[in-house]
Amino acid sequence: MSDRVAGVCGAGLMGAGIAQVLATAGHRVLLYDVDEAAAARAPERIETDLDEGVARGKVEQAERDAILSRVSVVDDLTAFAEADVVVEAVAETLSIKRDVFTQLDHICATPALLLSNTSTLSPTEIAEGMEHPDRFVGLHFFNPAQRMKLVEVLPGQATSAHTVARVKQLAVELGKTPVVANEAPGGIVSRLQLLVRNEAIRLVAEGVATAEDIDTAMKLGSGWPMGPMELSDLVGLDIHVNNSDSLADLLDNDAYRPDEYVRRLVDAGHLGRKSGRGFYEYEESASS
């Protein structure tokens with residue numbers, strides 16, 4: 001177990017999950033979000049997940065209590081000055097991420113690792129403006145972070161080999177399996193998966209097949225544990241659209257451009273599981 005201090009910037013669904021992963025591995029976790037309400041909800045989200053684990057016999061009560069005791073909310077990024085590693089999980093917007101890391105670069109001691117949970121943006125572009133970009137790298141967790149075993153390590157052009165080695169070791173310590181994709185917007189999974197999800201959406205829009213039949217086909221015919229329509233609903237259709245547009249622009253490839261069908265769903269407020277309706281309807285919505 002580690003006795004290090006970790007910071008997590010961004011307390012939404014992914015931020016809370018990443019904080020839980022770090023706390024489970026023994027890190028004392030400082031959690032920050034510009035939205036104070038979101039920051040306050042994150043420990044509650046972690047507690048709910050752990051309580052479900054206790055109920056299923058997957059988590060011991062003492063372990064649940066210890067994990068929760070390691071997570072605390074802070075009200076300013078400057079609290080991360082004591083952190084050995086900081087993971088950013090804010091909106092997938094280049095200007096926002098750049099601003100976060102420009103601040104962290106000055107706040108955190110130079111040995112500290114600075115990691116972005118980006119899924120589509122260029123690590124090199126995120127690190128522009130940093131004085132120490134050698135210690136910055138993308139570390140893409142998958143949703144839900146506390147259960148998915150894969151993480152993508154995404155070095156930028158200035159990322160040092162030593163940083164890559166440290167982050168791969170950290171991933172293993174967190175119980176994850178790391179893969180490396182060098183300077184690749186979208187990494188491995190998003191770059192491949194978004195193409196499939198967008199094509200699946202086009203099949204629905206064209207009336208070729210229903211969402212249910214597409215998901216069944218991909219699960220039974222391609223071995224996917226979850227179909228592309230189910231996965232899009234889980235990720236959030238608004239996030240799917242944003243990530244697809246981002247990759248289309250970064251790669252200059254309109255194959256990633258989302259169909260108008262899914263844009264209309266987003267405009268109507270049908271965002272997937274978190275809103276209670278997307279390609280499927282859900283009894284309860286989950287706040288993002």
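Described in the following lines is the structure provided in the data block. Nothing here was measured: the structure is a model prediction, and the numbers come from that model.

The rules we used
Residues numbered from 1 in each chain as written. Predicted model: local features only at pLDDT ≥ 70, side-chain atom pairs only at ≥ 80, totals over all residues. Heavy atoms only, no water. Pairing = 2+ DSSP bridges. Helix = DSSP H or I, 4+ residues; strand = E, 2+ residues; numbered from the N terminus. Axes fitted to C-alpha atoms, helices over the stretch in contact; angles between N-to-C directions. Contact = heavy atoms within 4.5 Å. 1 Å grid on protein atoms, 1.4 Å probe; cavity = no way out; pocket = protein on both sides within 12 Å on 5 of 7 lines; lining within 4 Å. Points joined across faces, edges and corners; volume = space filled by probe spheres on them. Nonpolar A, V, L, I, M, F, W, Y, C, P; charged D, E, K, R; others polar. Buried < 20%, exposed > 50% of the residue type's maximum accessible area, 1.4 Å probe, protein only. Right-handed = clockwise from strand over helix to strand, strands pointing away. Polar contact = N/O pair within 3.5 Å; in protein donor to acceptor, adjacent residues only side chain to side chain. Arc of directions from axis to C-beta.

A few words on the sheet that holds strand β3 (residues 71-73). With mixed pairing, the 8 strands of this open sheet are ordered in space as β3-β2-β1-β4-β5-β6-β7-β8. Looking at the sheet topology across the chains shown, the edges are occupied by β3 and β8 (177-180). Taking each pair of neighbouring strands and ignoring which way they run, the sheet shows an average axis angle of 25°. Packing against the sheet, helix α4 (residues 94-107) makes contact with β1 (5-9), β4 (85-88), β5 (113-116) and β6 (136-141), and its axis sits at approximately 170° to β5.

Computed from the structure, the second largest pocket encloses a volume of approximately 370 Å³. Around the second largest pocket sit 19 residues that line it, and Gln 20, Thr 24, Val 59, Gln 146 and Arg 147 are the ones nearest its centre. Residues belonging to the lining of the second largest pocket are distributed by class as follows: 6 nonpolar, 5 polar and 8 charged.

On to the pairing of β5, then. Neither face of β5 is open: one carries Leu 113 and Leu 115, the other Leu 114 and Ser 116, and all of them are buried. Examined bridge by bridge, β4 and β5 share 4 bridges and lie parallel to one another. Residue pairing across strands places Val 86 opposite Leu 114, the latter belonging to β5. A crossover links β4 with its parallel partner β5, the connecting element being α4, and its sense is right-handed.

Okay, the side chain of Gln 20 next. Counting through the fold element by element, Gln 20 comes out in helix α1 (residues 13-24). The exposure class assigned to Gln 20 is buried, which follows from its relative accessible area of 5%. Looking at Gln 20, its side chain comes within polar contact range of the side chain of Asp 49, at 2.8 Å. Sequence-distant contacts of Gln 20, that is, excluding residues within four places in its chain, are made with Ile 46, Asp 49, Leu 50, Ile 67 and Gln 146.

Those residues of helix α8 (residues 211-221) that sit buried are Ala 211, Ile 214 and Asp 215. Down the axis of α8, the sector holding all buried residues measures 95°, keeping them to one side. Facing away from the buried side of α8, by more than 90 degrees, are the exposed residues Leu 220 and Gly 221. In this structure, the buried residues of α8 make contact with α7 (189-205) and α9 (228-235).

Read these as geometric descriptors, not functional statements.
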